[in-house]
Every structure is written in structure tokens, then in C-alpha cells.
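Single-letter residue listing:
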Amino acid sequence: NTLHLTEDIFKVDLNKYLKAGEIVRFMWASPDCTSHSKAKGGQPRISGLRILPWAVYRLCKQVLNITEHLPECLIMENVEEIQEWGPLDEQGYPLPEHKGEDYQKFIGCMKKIGFEFDCRELVAADYGAPTTRKRWYAIFRSDGRAIRWPKPTHSKGGADGLEPWIPGSTSLDLPALGKSRF
């Protein structure tokens, strides 16, 4: 009973998929992160990609308008730098004096339509994934339930009695290195 959409987030019409009174229990959104990431280095940002969180907001409002209920739980994932999301200058570079302004506006709008909110920066390896990438995770709830975060199951070197981090090499098919999967 899970709906997976592979449509343009700016063009999707949820009226095709939802009806009045229906409850959306869970929604996941991972807007493109390349124009927020420090991995972009000194290159200019692409403003069209930086607005993708607003498409998530628009979809939540669409769900509300169609079903008369917000999604009960929405999780968003992105690079930690999304918290610094702000306006760009004419050349596409972030304006340091406005760091975080667009992020705060987005969070404020999500709260205004009825979501409770919390966010954390988590390292996937602490939860058993074979990557040490740190990411920003946000939980938005509209169902009155408390926002709860998982407890880490792993740690670097197995510290604090937890399982050790899983090496990334466990996910690689090393004998097939250099061969096309296709």
C-alpha cells in the first residue's frame, strides 16, 4: 500500500492519487543536495535546485487540501549544510550575511501549516550503514505523537559497548571491480 512517485516534483498532481478523508501516514523526502553541499566547493550554486524543499512544502499543502489532513509523519534527509540555506548573489554564491534565512523560513512555514519539528545531524555508520557520511535528518509530525530518535547501534571501533562501524568495502563487489553492472 505504498505509493512511489517518479514524477517531476514541480508538476506532480496529487489529486490523481489521493482522495478526501484519506490519511497519508508517512512521507519521505530527500531533495537534491548538490547546491547546498560543501562538496560543491567554491563553485556557484544552482538556485533552481536550492528551492526543492519548497516543493516538499507545496506537496504537504496539497495533501492537506485534498485529504484535509497533513501527512502524519514526514522525514527529510539532506546534507548538514542545508541549515545554512539562504539567498544567493547574482553570480550564484551564498550571501554570508543571510546564512540560514531560507532554511528558517522553510521550517517556519512547515510549522505554520501544523507540523511539529525536530532535526539532527546523524552519521549513518552509527546505525549500521557502511558509510560515515553525516546527514541532516528532520522529522515533521502532525499526529500528536512525540518525535523520537533512534539510539545508535554502532560506533567507531565499537566504543561504548556498541557494534563497530561496518566498513564500506562490505558493500563493494571487489571481484567485479571495473566490470559494468549492465
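Report follows, based on the coordinates. (Residues numbered from 1 in each chain as written. Predicted model: local features only at pLDDT ≥ 70, side-chain atom pairs only at ≥ 80, totals over all residues. Heavy atoms only, no water.)

1. Considering the layout of surface pockets
Thought 1: Taken as a whole, the largest pocket holds about 730 Å³ of empty space.
Thought 2: Surrounding the largest pocket, 23 residues form its lining, L3, L5, F26, M27 and W28 being those nearest its centre.
Thought 3: For the lining of the largest pocket, the secondary structure elements donating two or more residues are β1 (26-29) and α2 (52-67).
Thought 4: A per-element tally of the lining of the largest pocket places β1 first, with four residues.
Thought 5: Class assignment of the residues belonging to the lining of the largest pocket gives a composition of 17 nonpolar, three polar and three charged. (1 Å grid on protein atoms, 1.4 Å probe; cavity = no way out; pocket = protein on both sides within 12 Å on 5 of 7 lines; lining within 4 Å. Points joined across faces, edges and corners; volume = space filled by probe spheres on them. Helix = DSSP H or I, 4+ residues; strand = E, 2+ residues; numbered from the N terminus. Nonpolar A, V, L, I, M, F, W, Y, C, P; charged D, E, K, R; others polar.)

2. Quick look at the packing of aromatic side chains
The description of two aromatic rings rests on the distance between their centres and on the angle between their planes.
Thought 1: This structure, assessed with the given rule, holds nine aromatic pairs.
Thought 2: When the centroid spacing of 5.5 Å and the interplanar angle of 85 degrees are considered together, the rings of W54 and F106 count as edge-to-face. Within this pair, whereas W54 is found in helix α2, its partner F106 is found in helix α3 (residues 101-112), the two being separated by 52 residues in sequence.
Thought 3: Judged by relative accessible area, W54 falls into the partly exposed class, the value being 26%. (Phe/Tyr/Trp six-rings, centres within 6.5 Å; stacked < 30°, edge-to-face > 60°. Buried < 20%, exposed > 50% of the residue type's maximum accessible area, 1.4 Å probe, protein only.)

3. A few points about the sheet that holds strand β2 (residues 73-78)
Adjacent strands of a sheet pair through backbone hydrogen bonds, lying either parallel or antiparallel.
Thought 1: With mixed pairing, four strands are arranged side by side in an open sheet as β1-β2-β4-β3. On the outer flanks of this sheet lie β1 and β3 (116-123), each paired with one strand and no other. In this sheet, neighbouring strand axes are inclined to one another by 15 degrees on average, regardless of whether the strands run parallel or antiparallel.
Thought 2: The sheet contacts of α2 involve β1 and β2, and relative to β2 the element is tilted by about 170 degrees. (Pairing = 2+ DSSP bridges. Axes fitted to C-alpha atoms, helices over the stretch in contact; angles between N-to-C directions. Contact = heavy atoms within 4.5 Å.)

4. Comments concerning the state of the cysteines
Thought 1: The tally for this structure, following the rule as stated, stands at zero disulfides.
Thought 2: In this structure C73 is a free cysteine whose sulfur lies 11 Å from that of C60, the closest cysteine sulfur available.
Thought 3: Of the residues examined, C73 reaches a relative accessible area of 8% and is grouped as buried.
Thought 4: There is no disulfide at C109, and the cysteine sulfur nearest it, in C60, is 12 Å away. (Disulfide = S-S within 2.5 Å.)

5. A short note on the side chain of D126
Thought 1: Among the structural elements, D126 can be located in the loop between β3 and β4 (134-141).
Thought 2: Summary of buried charges: D126 has no salt-bridge partner, and the nearest side chain of opposite charge, K134, is 9.3 Å away.
Thought 3: Within polar-contact distance, the side chain of D126 engages the side chain of W165 at 2.9 Å.
Thought 4: Sequence-distant contacts of D126, that is, excluding residues within four places in its chain, are made with P152, T153, H154, S155 and W165. (Lys, Arg positive; Asp, Glu negative; His and termini not counted. Salt bridge = Lys/Arg side-chain N within 4 Å of Asp/Glu carboxyl O. Polar contact = N/O pair within 3.5 Å; in protein donor to acceptor, adjacent residues only side chain to side chain.)

6. Things to note about the pattern of salt bridges
Thought 1: Evaluated as defined, the whole model comprises six salt bridges.
Thought 2: Of the charged contacts, one joins R25 and E72 as a salt bridge, the two residues approaching to 2.9 Å between their closest N and O atoms. Note that R25 is positioned in the segment before β1 and E72 in the loop between α2 and β2, a separation of 47 residues in sequence.
Thought 3: Among the ionic contacts, a cluster of salt bridges with common partners joins E80, E121 and K134.

7. Quick word on unusual backbone geometry
Thought 1: Residue E68 is not a glycine yet carries a positive backbone phi of 70 degrees.
Thought 2: Residue placement: E68 occurs in the loop between α2 and β2.
Thought 3: Notably, D160 is not glycine yet its phi reads approximately 60 degrees, a positive angle.
Thought 4: Looking at the element boundaries, D160 is found in the loop between β5 (154-155) and β6 (163-164).

8. Some remarks on the packing of α2 against α3
Thought 1: Here α2 crosses α3 at 10 degrees, and the two axes come no closer than 11 Å. When the axes of α2 and α3 are compared, the pair comes out roughly parallel. Contacts between α2 and α3 involve P53, W54, Y57 and C60 from the former and D102, K105, F106, C109 and M110 from the latter.
Thought 2: Considered class by class, the residues forming the contact of α2 with α3 number seven nonpolar, no polar and two charged. (Parallel < 35°, antiparallel > 145°, perpendicular 65-115°, else oblique.)

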